[in-house]
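Geometric and topological summary
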Amino acid sequence: MKKTWFLLSAILLSGVMVLTAIAAGNSAASGELVISVAYERQDGPGSNQYAVYIEDEGGEIVRTLYVTKFTADGGYVRRPTCTPMWVNKSRVAEMSADRIDVFSGSTPQSGLQHYTWDLKDDAGSPVDAGTYYFVVEGTYWGENQVLFRNAVTVGGGVVRIPASAEFNSDESKNRGMITEVYAEYRPGN
């Protein structure tokens, strides 16, 4: 009888601890978030610069997935209009060259680009299940930018979410640089 009581108490206590951790938001998310970007190379000064990153609900960058090498390697100093939100939030000016090398890359060829978030933060630690924002910020002509941003909940079932474009001007030249952005959350096992 004592063994049964002890076993039932242990099971009940573990269940309460698991439910408490989940309610507190302390359950690590599993799976991946794949962000797809329909990109078309453009001609002209200050074009073809973009960044792909994840933010938490407070607007802080959790992870940078990609930024064009020109921008990451100091292009933001020569052209302050190159992805200014990412430059400001990421504090790229304080990063080492090795750190920048992890997420920067050459400007891609035209076509559908895919960027995968493994649900870890910039330090490599797993993130908690919950709501995050996927962001694609681009500079398509001089001072003209486009921003795609939408919320996604990680930790549930498969979901595909589009993001709409927000432009900072009415300039139409090179507006076709990024025409579609969507993310798909794929839960882990």
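Everything quoted here is computed from the prediction, not taken from an experiment. Each chain carries its own residue numbering, running from 1 in the direction its sequence is written. Local features are withheld for residues below a pLDDT of 70 in this predicted model, meaning they are given only at 70 or higher, and side-chain atom pairs are given and counted only at 80 or more; totals for whole chains, interfaces and linings count all residues. To get the side-chain values, all heavy atoms of the structure are used, and hydrogens and water are removed first.

This part takes up the confidence of the model for the protein. Interpretation of the predicted coordinates at a detailed level should be avoided for regions scoring low in pLDDT. Mean pLDDT over the protein: 86, with 86% of residues reaching 70 or higher. For the protein, helix H1 (residues 2-23) is the element with the lowest average pLDDT, namely 38, and strand S5 (residues 111-117) is the one with the highest, namely 98. This model gives residues 3-24 a pLDDT under 50, and the stretch forms three contacts once residues within four places in sequence are excluded. Per residue, pLDDT captures the predictor's confidence, and it can take any value from 0 to 100. Secondary structure elements are defined from DSSP: runs of H or I of at least 4 residues count as helices, runs of E of at least 2 residues count as strands, and each element is numbered from the N terminus. Two residues form a contact once any of their heavy atoms are found within 4.5 Å.

What follows deals with the packing of aromatic side chains. Note on aromatic pairs: each is described by the distance of the centres and the angle between the planes. Only rings of Phe, Tyr and Trp enter the pairing, Trp through its six-membered ring, and a pair is recorded when the two centres are within 6.5 Å. The plane angle decides the type: under 30 degrees is stacked, over 60 is edge-to-face, the rest tilted. Going through the model one piece at a time under the given rule, you end up with seven aromatic pairs. Measuring from centroid to centroid gives 5.2 Å for Tyr50 and Tyr66, while their planes differ by 50°, and the two rings are tilted. Of this pair, Tyr50 sits in strand S2 (residues 49-55) while Tyr66 sits in strand S3 (residues 61-68), and the two are 16 residues apart along the sequence. Among the aromatic side chains, those forming a connected cluster through ring pairs are Tyr39, Tyr50, Tyr66 and Tyr115. Just above the ring of Tyr133 sits the side chain of Arg149; from NZ or CZ to the centre is 3.9 Å. We count a charge as sitting over a ring when the NZ of a lysine or the CZ of an arginine lies within 6 Å of the ring centre and within 35 degrees of the ring normal. Against the face of Phe167 rests Arg175, its NZ or CZ located 3.7 Å from the ring centre.

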